[in-house]
Amino acid sequence: MIMSSVDWKNYEPVIIPDIKDLHKIDVYRKNGGYNGFKSVLTDKKKWPEQKSVIDEVKAANIRGRGGAGFNAGLKWSFMPPADGGPRYLACNGDESEPGTFKDRKIFEYNPHLFIEGALIAAYAMQVTTIYVYIRGEYKDYIDMMQNAIDDAYEGGYIGKDILGSGYDCDFYVHSGAGAYICGEETSMLESLEGKRGYPRVKPPFPAQKGLWGRPTTINNVETLAHVPGVIKNGAEWFSNIGAANHPGPILYGISGHVNKPGVYELPSGIPVLDLIDKVAGGMRNGKKLKAVIPGGSSTPILRADMLDGITMDSDSLRTVGTMMGTAGMVVMDEDTDMVDMLWRIAHFYHHESCGQCTPCREGTGWLEKVLLKIKNGNGEIKDLDLLLDITTQMEGRTICALADAAAWPVRNTINRFRDEFEARCKKSVHAVA
Amino acid sequence: MKQINKIMAYEFTKEDLDEIEKIKAKYPEVMPATLPVLWVAQKRFGHVDPDVQKLVADTLDLPHSHVHGVASFYTQYYKEEKGKHVLDVCTCLSCQLCGGYDILHYLEEKLGVQKGETTEDGMFTLNEVECLGACGYAPMLQVTNDKYVNHLTKEKVDELIEMLKDGKSPEYEKIGMPQRENI
């Protein structure tokens, strides 16, 4: 058993610290807000050129918090040299993966931290316009972000000749209108361009041809909220928080059958069982833990007996065949019906498939139909193998990862709870023995 | 003749047109204004049926087919008239685990409609929807693309329905971070 050395009990939150009214620009400024952005714009000794900012963020190893876990600074370095034309930063606040509800906390409690992070990113990549794409259902948070952006314009942090540096940048909110697929980065670009959210074929990657054919970088909102801390305290400070290969603070969203569900800011690398028992107050009604989905509905499910010594970071989770995802953890107790639960996940992906690629459009539908048949007690054992077969015909055969996201939970839930699925199926009439 | 009158009935006000100009200024082209202008239209007319879609297309000088394609892709645009209040009950994963279906079925019984239907008096449309991003506060529903009502119980549903019938709207429910004292 691996013991975790992460000291999460004494952790002081930095993304959403315990400061009243931090969403107001004056309070944010009083607490050192916008100093990081100011320093990259004006402190030419510390930040002689844009590249030095990118290098620092790359060294910090902020792994993308939207689910893919790619080093943010490395992503920034893919932007081609500036040619005088427009360049874009698109911030992903679509947040639609079931189990994920973290970015809304940033919009509500610390929007200026995200704005500052986005502005630092924009300056480092010489971006001319920033868009933040927020899911349409978050109407209240869209309004809160708009207010914060208006205040930042008024404070001179956005607009023309920012803080007298000669750097110009605009910042706009773009509201979605109800489509999970728009959280996929190229689909989000299509949606920003005013079209149906169909993911694009890559290459060309957005850094080469993004919004309106111009260089574009896409980052998750939480990823950008980590940037001001790295600029103020250095890459080393950040990479010393939590697990070595997946460092930094994480906004954990815990939901399901726990006593205190909610969003918690803690370092990466916390033991999964501590997160459930100590942070989220343990299981509801004294029930036994049955299973955990660690990072949003697409990440493979874990049985309770697989959790010993497993910590919330990509390396540890990989050893049990799952992923960090968005750190939106869904906890299930002993009474949970795995067939019903999996059918509901399949129903979600079928509803949200954009319909562009055949394996996903048809595959998600068949997964749902076959699972419904089993759920209603009409399935046969061979249907389980049919489901597994469908997943292999979907995975890796489509433009974006939605097909994979739909296939993984089906394959892993069946493999890890096979007895329960078989018990729901009709006994075979063809048995020989 | 009736059809023509209906089309003519849909017109943006001066205020809307000013807002549309502001929206257009955010983007280097006109097409990106499609989603936000559909929102403006839905706010004004309560839905974006094919006639409203045509108005949006003509206002932006875009093909009708483009606007129809966009409106039909996104679930939050109402492609037909809905009840005065639309109740979008989340039943996805965390909400399912915490009783989202109990809430949906309770509302079906209470309002005397099935999901997807509107009550006879035109007051309520009941929908089952996918994850709304309030997983820690399940079960929950959203009222007409606006306020979230969290931690639902049958009693809370009863209160909500009474409140909406009285012409009042639910308020924003602030939910803090459980590990903090001040927020």
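The rules behind each value
Within every chain, residues take consecutive numbers counted from 1 along the sequence as written. Chains carry letters from A onward and ligands carry numbers from 1 onward, assigned in written order. In view of the model being predicted, local features appear only for residues whose pLDDT reaches at least 70, and side-chain atom pairs are presented and counted only at 80 or more, with totals across whole chains, interfaces and linings using the full set of residues. In this description a helix means any DSSP run of H or I spanning at least four residues, a strand means any run of E spanning at least two, and both kinds are numbered starting from the N terminus. In a helix, the anticipated span is given by 1.5 Å times the number of residues less one. Counting other C-beta atoms within 10 Å of its own, a residue is labelled buried from 20 upward, exposed at 12 or fewer, and partly exposed in the gap between, with every C-beta atom placed from the backbone. Here, residues touch in the contact sense if the C-beta positions derived from the backbone fall within 7 Å of one another. Residue classes follow a fixed rule: Ala, Val, Leu, Ile, Met, Phe, Trp, Tyr, Cys and Pro count as nonpolar, while Asp, Glu, Lys and Arg count as charged, and any other residue, Gly among them, counts as polar. Only strands that DSSP links by at least two bridges are regarded as paired with each other. Each axis is a line fitted through C-alpha atoms, taken for helices only over the stretch in contact, and angles between the N-to-C directions span 0 to 180 degrees. Residue ranges for the domains trace back to a domain assignment, done automatically or taken from a database. Roughly parallel covers angles under 35 degrees, roughly antiparallel covers those over 145, roughly perpendicular covers 65 to 115, and oblique covers all other angles. Crossings are classed by handedness, with left-handed meaning an anticlockwise turn of the near helix from the far one by less than a right angle and right-handed meaning a clockwise turn. Nonpolar core, as used here: buried Ala, Val, Leu, Ile, Met, Phe, Trp, Tyr and Cys residues forming one set through C-beta atoms within 7 Å.

A. Helix 3 (residues 34-45) of chain B, seen in detail. When the terminal C-alpha atoms of helix 3 of chain B are compared, their 16 Å separation across 12 residues agrees well with the 16 Å that a helix rising 1.5 Å per residue should span. Taken as a whole, helix 3 of chain B has its buried residues at Thr34(B), Leu35(B), Pro36(B), Val37(B), Leu38(B), Trp39(B), Val40(B) and Ala41(B). Elements that come into contact with the buried residues of helix 3 of chain B comprise strand 3 (170-175) and helix 8 (185-192) of chain A together with helix 2 (14-24), helix 4 (50-60) and helix 5 (64-73) of chain B. Looking one or two residues past helix 3 of chain B, Gly46(B) carries a phi angle of roughly 85°, positive in sign.

B. Geometry of the interface of chain A and chain B. Facing 54 residues of chain A, the contacting portion of chain B comprises 41 residues. For the side of chain A that touches chain B, the secondary structure elements donating two or more residues are helix 5 (103-109), helix 7 (139-154), strand 3, helix 8, strand 5 (249-256), strand 6 (262-267), strand 9 (328-333) and helix 14 (338-352) of chain A. If one sorts the elements of the side of chain A that touches chain B by residue count, helix 14 of chain A sits on top with six residues. Looking at the side of chain A that touches chain B residue by residue, the classes come out as 21 nonpolar, 18 polar and 15 charged.

C. Looking closely at the environment of Thr91(B). Note that Thr91(B) resides in the loop between strand 1 (85-90) and helix 6 (94-97). Among residues more than four places away in sequence, those in contact with Thr91(B) are Gln96(B), Gly100(B), Tyr101(B), Leu104(B) and Glu128(B).

D. Inspection of the sheet that holds strand 2 (residues 124-129) of chain B at higher detail. All names here are of chain B. Spatially, four strands are ordered 2-1-3-4 in an open sheet, and the strand pairing comes out mixed. Each edge of the open sheet carries a strand with a single partner, namely strand 2 and strand 4 (148-149). Where strand 1 and strand 3 (residues 141-143) come together, three bridges link them in antiparallel fashion. Pairing of Val89 across the sheet is with Leu141, part of strand 3. Here helix 7 (residues 100-111) sits on the sheet and contacts strand 1, strand 2 and strand 3; the angle it forms with strand 1, its principal contact strand, is near 150°.

E. Geometry of the sheet that holds strand 4 (residues 216-220) of chain A. Residue and element names in this part refer to chain A. Reading across from one edge, 3-2-1-4 is the order of the four strands in this open sheet, with parallel pairing throughout. In the strand order of this sheet, the two ends are held by strand 3 and strand 4, each with one partner. Averaged over neighbouring strand pairs, the angle between their axes works out to 20° when direction is ignored. Bridge count for strand 1 (residues 88-93) against strand 4 is five bridges, and the pairing is parallel.

F. Examining the domain arrangement of chain B more closely. Entries for chain B in the domain assignment read domain 1 (2-73) and domain 2 (85-165). Using C-alpha coordinates to define each centre, domain 1 of chain B is positioned 29 Å away from domain 2 of chain B.

G. Region of the structure containing the pairing of strand 1 of chain A. When you tally the buried positions in strand 1 of chain A, you get six out of six residues, the bulk of the element. Of the two faces of strand 1 of chain A, both are covered, the one formed by Tyr88(A), Ala90(A) and Asn92(A) as well as the one formed by Leu89(A), Cys91(A) and Gly93(A).

H. Main features of the domain arrangement of chain A. Residue and element names in this part refer to chain A. Taken as a whole, chain A is organised into domain 1 (25-239), domain 2 (249-333) and domain 3 (338-424). Taking only C-alpha atoms, the centre of domain 2 and the centre of domain 3 are 23 Å apart. At the junction of the two partners, domain 2 supplies five residues and domain 3 supplies eight residues.

I. Spatial organisation of the packing of helix 15 (residues 358-375) of chain A against helix 17 (residues 402-416) of chain A. Residue and element names in this part refer to chain A. Between helix 15 and helix 17, the shortest axis-to-axis distance is 9 Å and the interhelical angle comes to 25°. Compared by their axis directions, helix 15 and helix 17 come out roughly parallel. Relative to helix 17, the crossing made by helix 15 is left-handed. Along its contact with helix 15, which presents Pro359, Cys360, Gly363, Thr364 and Leu367, the element helix 17 presents Leu402, Ala403, Ala406 and Val410. Partitioned by chemical class, the residues of the contact of helix 15 with helix 17 number seven nonpolar, two polar and no charged.

J. Layout of the pairing of strand 2 (residues 129-134) of chain A. All names here are of chain A. Most of strand 2 is tucked away: six of the six residues are buried. Neither face of strand 2 is open: one carries Thr129, Tyr131 and Tyr133, the other Ile130, Val132 and Ile134, and all of them are buried. Judged from the six bridges that link them, strand 1 and strand 2 form a sheet pairing that is parallel. Looking at the pairing, Ala90 lines up with Tyr131 of strand 2. The pairing of strand 2 with strand 3 spans six bridges and is classified as parallel. When the bridges of strand 3 are listed, Tyr133 appears paired with His174.

K. Structural detail: the nonpolar core. Within the largest apolar cluster, 188 residues are counted, with the highest numbers of intra-cluster contacts made by Ala90(A) and Met140(B). The dominant element in this core, judged by the number of residues it contributes, is helix 6 (residues 111-124) of chain A, at 10 residues. With residues up to four places along the chain from it excluded, the contact list for Ala90(A) reads Tyr131(A), Tyr133(A), Met188(A), Leu189(A), Leu192(A), Leu211(A), Thr216(A) and Ile218(A).

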